[in-house]
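# Summary of structural features
If you want the building blocks of each chain, they are given just below.
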Amino acid sequence: MKSNTRVGIGYDIHPLKPGRKLVLGGVNIPFDKGLDGWSDADVLVHAVIDALLGAAALGDIGSHFPPGKQKYKDISSLALLGEVKKKLTVDGWAMVNIDATVIAEQPRLREYIDGMRENMSRTLDIPVERINVKASTGNGVGEIGKGEGIAACAVAMIEGSGSR
């Protein structure tokens, strides 16, 4: 089968909730609220997962790791990303690069971005130089701008001879 390149897009948003840890890109970030969700609710890694699955035409995060299933309760999203890497590799795909943006009014994320990139690089077994993470704000607009939630979007490129 001939090699080809594909691109996928991912997006995720979760509300902020007191009493939860804030985890983005597998980094625990000191903050008075965390993201609410079944797993650790890491919107950055969830967006990357959906981008990778989309590029490989393998559905979405919910079809592989359904919320409500006990084995995924509070699981690290990096563990889920590792499972997605395995699925893509078995299917003949290799990760080329990832570009992602986290949208959060608070906290400021600049000092945590290198750790996010390193965590995803290690999990996907690709050079950190192939992973870009940016931070933006909601400029006071909507749920994100009011500090009620955090969102992320990601684009991923894969290449190989996948079966789909």
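Refer to the structure presented above.
All of the points below concern the structure found in this document. (Residues numbered from 1 in each chain as written. Predicted model: local features only at pLDDT ≥ 70, side-chain atom pairs only at ≥ 80, totals over all residues. Heavy atoms only, no water.)

## Thoughts on the packing of helix H1 (residues 43–55) against helix H4 (residues 113–124)
The interhelical angle for the contact between H1 and H4, taken along N-to-C directions, is 40°, at an axis separation of 12 Å. One finds that H1 runs oblique with respect to H4. The element H1 and its partner H4 pack so that their crossing is right-handed. Between H1 and H4, the residues in contact are Leu44, Val45, Val48 and Leu52 and Met116, Met120 and Leu124, respectively. (Axes fitted to C-alpha atoms, helices over the stretch in contact; angles between N-to-C directions. Helix = DSSP H or I, 4+ residues; strand = E, 2+ residues; numbered from the N terminus. Parallel < 35°, antiparallel > 145°, perpendicular 65-115°, else oblique. Left-handed = near helix turned anticlockwise from the far one by under 90°. Contact = heavy atoms within 4.5 Å.)

## What to know about the environment of glutamate 83
Along the polypeptide, glutamate 83 turns up in helix H3 (residues 77–90). According to the relative accessible area criterion, glutamate 83 is partly exposed, its value standing at 34%. Along the sequence, glutamate 83 and histidine 64 sit 19 residues apart, while their C-alpha atoms lie 9.4 Å from each other. (Buried < 20%, exposed > 50% of the residue type's maximum accessible area, 1.4 Å probe, protein only.)

## What about the layout of surface pockets?
Computed from the structure, the largest pocket encloses a volume of approximately 220 Å³. Around the largest pocket, the lining is made up of 16 residues, and of these Ser39, His46, Ile61, Phe65 and Pro67 lie nearest the centre. Breaking the lining of the largest pocket down by element, the ones donating at least two residues are strand S1 (4–18), H1 and helix H2 (61–64). Of the residues in the lining of the largest pocket, the class split is 10 nonpolar, 4 polar and 2 charged. Of the voids in this model, the second largest pocket is the one considered here, and its volume is about 190 Å³. (1 Å grid on protein atoms, 1.4 Å probe; cavity = no way out; pocket = protein on both sides within 12 Å on 5 of 7 lines; lining within 4 Å. Points joined across faces, edges and corners; volume = space filled by probe spheres on them. Nonpolar A, V, L, I, M, F, W, Y, C, P; charged D, E, K, R; others polar.)

## Thoughts on the pairing of strand S6 (residues 131–136)
Two strands pair when backbone bridges link them, and strand S5 (residues 93–103) and S6 are joined in this way by 6 bridges, in the parallel orientation. Counterpart to valine 102 in the pairing with S6 is alanine 135. Once the chain exits S5 it traverses H4 before rejoining the sheet at S6, and the crossover so formed is right-handed. (Pairing = 2+ DSSP bridges. Right-handed = clockwise from strand over helix to strand, strands pointing away.)

## Quick notes on the sheet that holds S5
Backbone-to-backbone hydrogen bonds join strands into a sheet, with any given pair of strands oriented parallel or antiparallel. The strand order S4-S1-S7-S5-S6 describes an open sheet built from 5 strands, whose pairing is mixed. Strand pairing shows two members of the sheet lacking a second neighbour, strand S4 (33–35) and S6, which therefore form its edges. Recorded for the sheet is a direction-independent mean angle of 20° between the axes of neighbouring strands. Contacts from H3 reach S5 and strand S7 (149–160), with the element oriented near 145° to S5. Contacts from H4 reach S5 and S6, with the element oriented near 145° to S6.

## What about the nonpolar core?
The biggest cluster of nonpolar side chains holds 47 residues, and the ones touching the most others in it are Leu24, Leu52 and Leu88. Within the residue set of this core, elements represented by two or more residues are strand S2 (22–24), strand S3 (27–29), H1, H3, S5, H4, S6 and S7. In terms of residue count, the dominant contributor to this core is H1 (10 residues). Discounting residues that sit within four places of it in the chain, leucine 24 has contacts with Ile29, Leu35, Asp42, Val43, Leu44, Val102, Leu109, Met116 and Ile150. (Core = buried A, V, L, I, M, F, W, Y, C linked by side-chain atoms within 4.5 Å.)

## Considering the packing of H1 against H3
H3 packs onto H1 with a crossing angle of 10° between their chain directions and a minimal axis gap of 10 Å. Regarding the angle of H1 to H3, the classification is roughly parallel. Each of Val45, His46, Val48, Ile49, Leu52 and Leu53 in H1 lies in contact with H3, whose residues at this interface are Ser77, Leu78, Leu80, Leu81, Val84 and Leu88.

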